[in-house]
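Descriptive structure summary
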Amino acid sequence: MERLEMFCYQCSQTVKGDGCTHLGVCGKQPVVARLQDNLIFSIKGISAYAYHARELGATDPEVDAFFSEGIYSTLTNVNFDAESFVKLALESGKINLKVMKLLKDAHIKAYGEPEPTEVQTGTRKGKGILVTGHGLKALEELLKQTEGTGINVYTHSEMLPAHGYPGLKKYKHLVGNLGRAWYDQKKLFSEYPVAILATSNCVLIPKEEYKDRIFTTGSARLPEVKHIEGYDFSALIEKAKSLPDLEEKEGDVVLTTGFSKSVVLSLAGKIKSLVEAGKIKHFLLVGGCDAPTRKDEYYREFVKLLPRDTVVLTLACGKFRINDLDMGDIEGIPRLIDLGQCNDAIVAVDIAVALSELFGVEVNDLPLTLVLMWMEQKAVSILWSLLSLGIKGIYLGPIVPAWVNQDILNVLVEQYDMKIIGDPQEDIKNILG
């Protein structure tokens, strides 16, 4: 296909497609433009968390100011300096820490501190509504409006952690979780005759089988799908009432979620004694943004191969690779701990900092390794949050971020000891060796 002619502001001439190597409309200077893409992705992630925090009345002027600075820097012919984009990326990581804390505090203020909760994965007899996305505010409003109607409400994917919040699980018709990560929705939504509410990103173009019974709200939009402005879910509820009843069916597994920072840190003394006794040898954070590729099967195999003296923390939709595994416990300490949604990476950070203080060592000297699943957008902002804290030795995969070229990868490897996942057995050997 012939490339379009475009004007390059640095060349001051019209060229074909990628016909120059400068930063302009026409082409992409190898490092600067990729770092620009990285920053835009990071800002997208930050804005998602800021949006949900604002839904609950929580804002921060420093966060708002960064949006204008960051986006403006990526305008064509504004900034050609690669080093400044690295600094902006690290700054985006710091801002994302601030906004994740803002959102976490808003969730706790609204719904209480999460607590370990078992979640059923089967169906109850009766009408149903399935909620996907990340919007806890939308879920709360739906639960209020469906109370006493006989309609059961189910969560999907990143909504699973809602079951851990006292202010949400008090609704007895919030009955369980259906499906797994975001990408199973076309099959899942076709299978269950329920009304569906999409509250945020990670929603796919619907199939004909359920197009007439899926609704969007908040930032989510789908073609030829009814969008609900605000929180009046009467049309969604009426659709649910018009659909056939679900049958009573027991789920294949019971999932556990709701391990908040306070819950984990209440076990700090016991954790310390088990570590000192050699009964817990290593902690691993295994989670992140999952993708429907065979390469992502690595993470399940990785966790299954871990020795029994390890503890796994997990979060985001990547948890569904492993959260059905029966990993048991180490003298009362669960070996698999679900911290929540992707924005709950702040909980993992707080736990790591608390453990470093408990053992009197730097975070990078803890027996703790991060093994992160990779997809763009929110994952970018979280990655830079970790790098802004100086965390090193992160395992990442199954592919490198799209904005990374060899020059950028060299910097990540040399300055942050970043590693791309390989063979799970070899990686475990390297981590635990």
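See the structure shown above.
Below or above, wherever it landed, is the structure these notes cover. (Residues numbered from 1 in each chain as written. Predicted model: local features only at pLDDT ≥ 70, side-chain atom pairs only at ≥ 80, totals over all residues. Heavy atoms only, no water.)

Right, let's get into the overall build of the protein. Scanning the protein for helices and strands turns up 14 helices and 18 strands. Taken over C-alpha atoms, the radius of gyration comes to 23 Å for the protein, in line with the 22 Å a tight globule of 433 residues would show. With the C-alpha coordinates of the protein rotated into their principal frame, the extents come out at 65 × 60 × 40 Å. Evaluated residue by residue, the protein yields a buried proportion of 55% over its 433 residues. Here the contacts in the protein between residues at least 6 apart in sequence split such that 69% fall between residues at least 24 apart. Of the roughly 18700 Å² of accessible surface on the protein, a fraction of 51% belongs to carbon and sulfur atoms. Charged side chains in the protein number 48 positive and 57 negative. The centres of these two groups are separated by 3 Å. (Helix = DSSP H or I, 4+ residues; strand = E, 2+ residues; numbered from the N terminus. Rg over C-alpha atoms; globule rule 2.2 N^0.38 Å. Buried < 20%, exposed > 50% of the residue type's maximum accessible area, 1.4 Å probe, protein only. Contact = heavy atoms within 4.5 Å. Areas by Shrake-Rupley, 256 points an atom, 1.4 Å probe, with all protein chains shown as cover. Lys, Arg positive; Asp, Glu negative; His and termini not counted. Charge placed at Lys NZ, Arg CZ, Asp CG, Glu CD.)

What follows is about the sheet that holds strand 7 (residues 195–198). Spatially, six strands are ordered 6-5-4-7-8-9 in an open sheet, and the strand pairing comes out parallel. On the outer flanks of this sheet lie strand 6 (174–177) and strand 9 (226–228), each paired with one strand and no other. Recorded for the sheet is a direction-independent mean angle of 30° between the axes of neighbouring strands. In this fold helix 4 (residues 136–146) packs onto strand 4 (128–132), strand 5 (152–155), strand 6, strand 7 and strand 8 (214–217), with an angle of close to 165° to the strand it touches most, strand 5. Along the sheet face, helix 7 (residues 234–242) touches strand 4, strand 7, strand 8 and strand 9 and points at about 150° away from the line of strand 7. (Pairing = 2+ DSSP bridges. Axes fitted to C-alpha atoms, helices over the stretch in contact; angles between N-to-C directions.)

On to the environment of Met 100. Relative to the assigned elements, Met 100 resides in helix 3 (residues 82–111). Among the residues examined, Met 100 registers a relative accessible area of 1% and is labelled buried. Contacts of Met 100, omitting those with residues within four sequence positions, involve Tyr 49, Cys 342, Asn 343, Ala 345, Ile 346, Ile 382 and Ser 385.

Applying the stated criterion across every chain, the model contains seven aromatic pairs. On the numbers, 6.4 Å between centres and 70° between planes, the contact of Tyr 231 with Phe 233 is edge-to-face. Overall, Phe 233 belongs to the buried group, its relative accessible area being 0%. Between Tyr 298 and Phe 302 the ring centres are 5.7 Å apart and the planes differ by 25°, which places this aromatic pair in the stacked class. A residue pair is termed a helical-turn pair when its members lie 3 or 4 positions apart in one helix, as Tyr 298 and Phe 302 do in helix 10 (residues 298–305) at four residues. A relative accessible area of 0% means that Phe 302 is categorised as buried. An aromatic cluster of at least three residues, connected via ring pairs, comprises Tyr 298, Tyr 299 and Phe 302. One Lys or Arg, Lys 137, reaches over the ring of Tyr 231 and ends 5.7 Å from the middle of that ring. (Phe/Tyr/Trp six-rings, centres within 6.5 Å; stacked < 30°, edge-to-face > 60°. Lys NZ or Arg CZ within 6 Å of the ring centre and 35° of its normal.)

What the six strands build is an open sheet, ordered 15-12-11-16-17-18; its pairing is parallel. Of all strands in the sheet, those with a lone pairing partner are strand 15 (336–338) and strand 18 (419–420), marking the two edges. Strand direction decides the pairing type here: strand 11 (residues 282–288) and strand 16 (residues 368–373), joined by six bridges, are parallel. The residue bridging Leu 285 from the neighbouring strand is Leu 370, located in strand 16.

Now for the pattern of salt bridges. Under the counting rule described, the total for this entry stands at 28 salt bridges. Between Glu 158 and Lys 319 there is a salt bridge, with its nearest N and O atoms 3.8 Å apart. You can see Glu 158 sitting in the loop between strand 5 and helix 5 (166–169) and its partner Lys 319 sitting in the loop between strand 12 (310–314) and strand 13 (329–330), a full 161 residues away along the chain. As far as burial versus exposure is concerned, Glu 158 and Lys 319 are alike and both buried. For Glu 426, the salt bridge identified is with Lys 429, shortest N-O distance 3.4 Å. Of this pair, Glu 426 and Lys 429 are both found in helix 14 (residues 424–432), three residues apart, which corresponds to roughly one turn of the helix. For Glu 426, a relative accessible area of 39% translates into the label partly exposed. Salt bridges here are not isolated pairs; linked through shared partners, they connect Lys 137, Glu 140, Glu 141 and Lys 144. (Salt bridge = Lys/Arg side-chain N within 4 Å of Asp/Glu carboxyl O.)

Turning our eyes to something else, we now look at helix 11 (residues 345–359). Helical periodicity: at 3.6 residues per turn, an α-helix aligns residues three or four positions apart in one direction. Its 15 residues place the ends of helix 11 21 Å apart at the C-alpha level, agreeing with the 21 Å of an ideal helix rising 1.5 Å per residue. For helix 11, the complete set of buried residues consists of Ala 345, Ile 346, Val 347, Ala 348, Val 349, Ile 351, Ala 352, Ala 354, Leu 355 and Ser 356. Check the buried side of helix 11 and you find it contacts helix 3, helix 8 (261–265), helix 9 (268–276), strand 11, strand 16 and helix 12 (378–388). Gly 360, located one to two residues past helix 11, shows a positive phi value of around 70°. (Expected span 1.5 Å × (residues − 1).)

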